[in-house]
Amino acid sequence: MARSSYAFLCRDSANAFYSKNEKGQLGCARSFEEEMWLQSAPAGGARLTPPQARRAASSAVSARPVIILPGLGNNSGDYEGLVAELKSRGVPSVVVAKVSRVDWLRNAAGLLDGNYWRGTLSPRPILDWYLRRVDEAVAQARNLSPDGDLALLGHSAGGWLARLYLEELGCSDVSLLLTLGTPHLPPPKGLPGVIDQTRGLLYYVEERCSPAVYTPERKYVCVAGRYIKGLPLIGASQDAADNRYNNAVAAAAADGGAVGGGVGVAPAAGGLNARLVGQGYKQVCGRADVWGDGVVPEISAHLEGALNISLDGVYHSPVGADPRRRPWYGSPAVLDSWFSHLLSSEDGALN
């Protein structure tokens, strides 16, 4: 199947560059370096080589040092590939908050708090251990790059934990919070069959943390994936457009190829996978029949006031991801569609 049939589509991103396929449809977002290379040749002239384009890009802009905040259940090692990709693109320092899978068992202490069972749990002191790890990572990034502002890059729960960190501990030199597949919003209250999986933590964040902004002093960028549309456990099937999309994905996977630069596993026959995924979406946003990255619904991963981006064909986690069949937010081709937001320039033209 032609690679141009589907592509990573970046919506509402002011600083991304886009290509078009032979049908004139928007295609894969290009990186800043690629755009420099494509635009480097005047009529009849010679283009810069990729290394030259990379140097030209570096001279025009610089990347903020990045602190990666792992998502629920992830450990620091899950982000080694992302760290390497960021460094290869010129990020001066990348620090991952030190978290192991066993560390997440600390959250079980919340079971002893009556607020857990009432769904009114507060993040502190339950999550103090995580906030300390973030603070240590921020201090390390400052030591590695003492000049300039920092960027927090939160994956999944790491995104709303970053908001909590900024609110509770403060960090004036963080000029960017970029979240990847973060469930920012708590589920609507009072819906049958819907239980807040955070037991009140997301309600706390929504009510107590400062609203998202996109200002010269601090920018919030929220990236959501559209990997699979969920279905109700019982009820109507997907519409024709969704079926065509999923059938195309299935055909590409069967051929050992990729759709949209690496879209992954399609829903199982009869939509069973989509129905199971839909039940997960329902617990997060109150609805099953929505698009999401396989774990977090698209509508939950965006914040009012932020620059919100949606990317087609992007899976939630580095665990179980594959660059071709199931790319996640940190896969090289996907990273290129949001990397420009880590860049800053003296005149503020990019970020």
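Here the structure is a predicted model, which means the values were calculated and not measured.

*Asks:* Help me out: how do you make sense of the packing of helix 6 (residues 157-168) against helix 7 (residues 201-208) in this one?
*Replies:* Axis separation between helix 6 and helix 7 bottoms out at 10 Å; the angle between their running directions is 50°. Taken together, the axis directions place helix 6 and helix 7 in an arrangement best described as oblique. Two packed elements cross with a definite hand, and for helix 6 against helix 7 that hand is left-handed. Here Trp160, Arg163, Leu164, Glu167 and Glu168 of helix 6 come into contact with helix 7, specifically with Leu201, Leu202, Tyr204, Val205 and Arg208. When the residues that make up the contact of helix 6 with helix 7 are grouped by side-chain class, the tally is six nonpolar, no polar and four charged.

*Asks:* Explain the packing of aromatic side chains here, please?
*Replies:* Centre-to-centre distance and the angle between the planes together describe a pair of aromatic rings. The tally for this structure, following the rule as stated, stands at five aromatic pairs. Taking the centre distance of 5.6 Å and the plane angle of 80° together, the rings of Trp129 and Tyr130 count as edge-to-face. The same class applies to Trp129 as to Tyr130, namely buried. Of the aromatic side chains, those joined through ring pairs into one cluster are Trp104, Trp129 and Tyr130. For the cation-ring pair, Lys189 lies above Tyr203, with the distance from its terminal atom to the ring centre recorded as 4.6 Å. Looking at Arg326, its charged tip hangs above the ring of Tyr315, at a distance of 4.8 Å from the centre.

Cut-offs and rules
Residues numbered from 1 in each chain as written. Predicted model: local features only at pLDDT ≥ 70, side-chain atom pairs only at ≥ 80, totals over all residues. Heavy atoms only, no water. Axes fitted to C-alpha atoms, helices over the stretch in contact; angles between N-to-C directions. Helix = DSSP H or I, 4+ residues; strand = E, 2+ residues; numbered from the N terminus. Parallel < 35°, antiparallel > 145°, perpendicular 65-115°, else oblique. Left-handed = near helix turned anticlockwise from the far one by under 90°. Contact = heavy atoms within 4.5 Å. Nonpolar A, V, L, I, M, F, W, Y, C, P; charged D, E, K, R; others polar. Phe/Tyr/Trp six-rings, centres within 6.5 Å; stacked < 30°, edge-to-face > 60°. Buried < 20%, exposed > 50% of the residue type's maximum accessible area, 1.4 Å probe, protein only. Lys NZ or Arg CZ within 6 Å of the ring centre and 35° of its normal.

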